[in-house]
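# Descriptive structure summary
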Amino acid sequence: SQKIEQNSEALNIQEGKTATLTCNYTNYSPAYLQWYRQDPGRGPVFLLLIRENEKEKRKERLKVTFDTTLKQSLFHITASQPADSATYLCALDMRGKLQFGAGTQVVVTP
Amino acid sequence: NAGVMQNPRHLVRRRGQEARLRCSPMKGHSHVYWYRQLPEEGLKFMVYLQKENIIDESGMPKERFSAEFPKEGPSILRIQQVVRGDSAAYFCASSPSRGSGVQPQHFGDGTRLSIL
């Protein structure tokens, strides 16, 4: 079965710096990979979707890469702000159902 | 445009009782998904439904759990004879038709189920 790994340790970063999160998976590559943000007590919020034939996708201060050879996606938050503090979830799209990683908590300090 | 609405937000049940969790998808969305998040664990897929049809229930426990998405009204996740291990946050998500390609899922804020 598919296994998805995200850094379990919280990422502490200073405001203004770039946060980089890693999502590694095993077995076959999905056609799509998605990134979500989750705040405490709330549901996940969709951020970005990247297709297997896309190397990179950007949205404002966010950037996602997808390397099907390495079986890895990187998620970058540039010019980070305290409001970016949250848990970020990587999800593989398995024909409708999403298979999530455990998430990486990001803490941005002023 | 209202988002995905889940109710109740918090539900307390005693062991052996039934729990009913409701989910109203976003307007225009015909696909509903249920996920469970146990304490300190990630979100786990349970079931994927379209109106009146179950598309994928590979994540549903074989006993006590059922889900429906009727032609009219919200989707319901039903847990019979609850046990302590059912305590978790249950999230519902919805998306429009996948006919035009994969769509992101829009999540509600979940129902937190506590079993006494």
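Summarised in this report is the structure supplied together with it. Just so you know, the residues in each chain are numbered from 1, in the order the chain's sequence is written. Chain letters and ligand numbers both follow the written order, the letters beginning at A and the numbers at 1. Given that the model is predicted, a residue must reach a pLDDT of at least 70 before its local features are reported, and side-chain atom pairs must reach 80 or more before they are shown or counted; all residues, however, enter totals for whole chains, interfaces and linings. The side-chain numbers reported here are obtained from all heavy atoms of the structure, hydrogens and water having been left aside.

## Quick look at the packing of aromatic side chains
In this scheme Phe, Tyr and Trp rings, the latter by its six-membered ring, pair at centre separations within 6.5 Å, and the angle between planes marks the pair as stacked below 30 degrees, edge-to-face above 60, and tilted otherwise. Within this structure, the stated rule accounts for 11 aromatic pairs over all chains. Here the aromatic residues Y36, F46 and F100 of chain A together with Y35, F45 and F107 of chain B are joined through ring pairs into a cluster of three or more.

## Some words on the interface of chain A and chain B
Taken together, the 20 residues of chain A in the interface contact 20 residues of chain B. Roughly 1500 Å² is buried in total at the junction of chain A and chain B, and carbon and sulfur atoms are behind 54% of that figure. A side-chain nitrogen of Lys or Arg and a carboxyl oxygen of Asp or Glu constitute a salt bridge if their distance falls within 4 Å. Counting across the interface, chain A meets chain B through 2 salt bridges. As a salt-bridge pair, D109 of chain B and R42 of chain A come within 2.9 Å of each other at their nearest N and O atoms. In the analysis that follows, any N or O atom pair within 3.5 Å is treated as a polar contact, provided that within protein one partner can donate a hydrogen and the other can accept it, and provided that, for residues neighboring in sequence, both atoms belong to side chains. Linking chain A to chain B there are 9 residue pairs in polar contact (both at pLDDT 80 or more). Strands here mean DSSP runs of E at least two residues long; helices mean DSSP runs of H or I at least four residues long; both are numbered from the N terminus. Where the side of chain A that touches chain B is concerned, the elements lending two or more residues are strand 4 (32-38), strand 5 (45-51), strand 9 (86-94) and strand 10 (97-100) of chain A. Contact between two residues is taken to exist if any of their heavy atoms lie within 4.5 Å; hydrogens are not considered. Put simply, buried area is the surface a 1.4 Å probe can reach on two separate parts but cannot reach once they are joined, added for both.

## Examining the side chain of Q6 of chain A
Residues and elements named next belong to chain A. By the secondary structure assignment, Q6 is in strand 1 (residues 4-6). Separated by 3.1 Å, the side chain of Q6 and the backbone nitrogen of G103 make a polar contact. Beyond its immediate stretch of four places on either side in the chain, Q6 contacts T22, C23, W35, Y88, L89, C90, G101, A102, G103 and T104.

## Details of the pattern of salt bridges
Residues and elements named next belong to chain B. In total, this model carries 10 salt bridges over all chains according to the counting rule given. We note a salt bridge from E18 to R20, for which the minimum N-O separation is 2.9 Å. Judged by relative accessible area, which is 29%, E18 ranks as partly exposed. Here D86 makes a salt bridge to R64, at a shortest N to O gap of 2.7 Å. Of the two residues, D86 sits in the loop between strand 8 (75-79) and strand 9 (88-95) while R64 sits in the loop between strand 6 (53-56) and strand 7 (65-68), which places them 22 residues apart along the sequence. Think of it in three bands: residues with accessible area under 20% of the maximum for their type are buried, residues over 50% are exposed, and the middle band is partly exposed, with areas taken using a 1.4 Å probe on protein chains only.

## A short note on the sheet that holds strand 1 (residues 5-7) of chain B
All names here are of chain B. For two strands to pair, DSSP has to find at least two bridges joining them. Pairing is antiparallel across the open sheet formed by 4 strands, whose spatial order is 1-3-8-7. For this open sheet the edge positions go to strand 1 and strand 7, each flanked by a neighbour on one side alone. In this sheet, adjacent strand axes meet at a mean angle of 15° when their direction is disregarded. One ladder, built from 3 bridges, connects strand 1 with strand 3 (residues 19-24); its direction is antiparallel. Note on strand 3: the bridge partner recorded for Q6 is C23. Axes here refer to lines fitted to C-alpha atoms; in helices the fit is confined to the stretch in contact. Angles between the N-to-C directions go from 0 to 180 degrees.

## Some remarks on the sheet that holds strand 7 (residues 62-67) of chain A
Residues and elements named next belong to chain A. Taken together, the 5 strands give an open sheet; going across it, the order is 1-3-8-7-6, and neighbouring strands pair in antiparallel fashion. Looking at strand neighbours, the two that pair on one side only are strand 1 and strand 6 (56-59), the edges of this open sheet. Across the sheet, the axes of successive neighbouring strands diverge by a mean angle of 15°, strand direction being ignored. Of the pairings in the sheet, the one linking strand 7 to strand 8 (residues 72-77) comprises 6 bridges and is antiparallel in character. What sits directly across from L62, in strand 8, is I77.

## A look at the state of the cysteines
Residue and element names in this part refer to chain A. Here, a disulfide means two cysteine sulfur atoms that sit within 2.5 Å of each other. In total, this model carries 2 disulfides over all chains according to the counting rule given. The partner cysteine of C23 in its disulfide is C90, sulfur to sulfur 1.9 Å. Every disulfide takes its handedness from the sign of the S-S torsion; for C23 and C90 that torsion is -55°, giving left-handed. Residue C23 is found in strand 3 (residues 19-25), and its partner C90 is found in strand 9; the two are separated by 67 residues along the sequence. Each member of the pair C23 and C90 is classed as buried.

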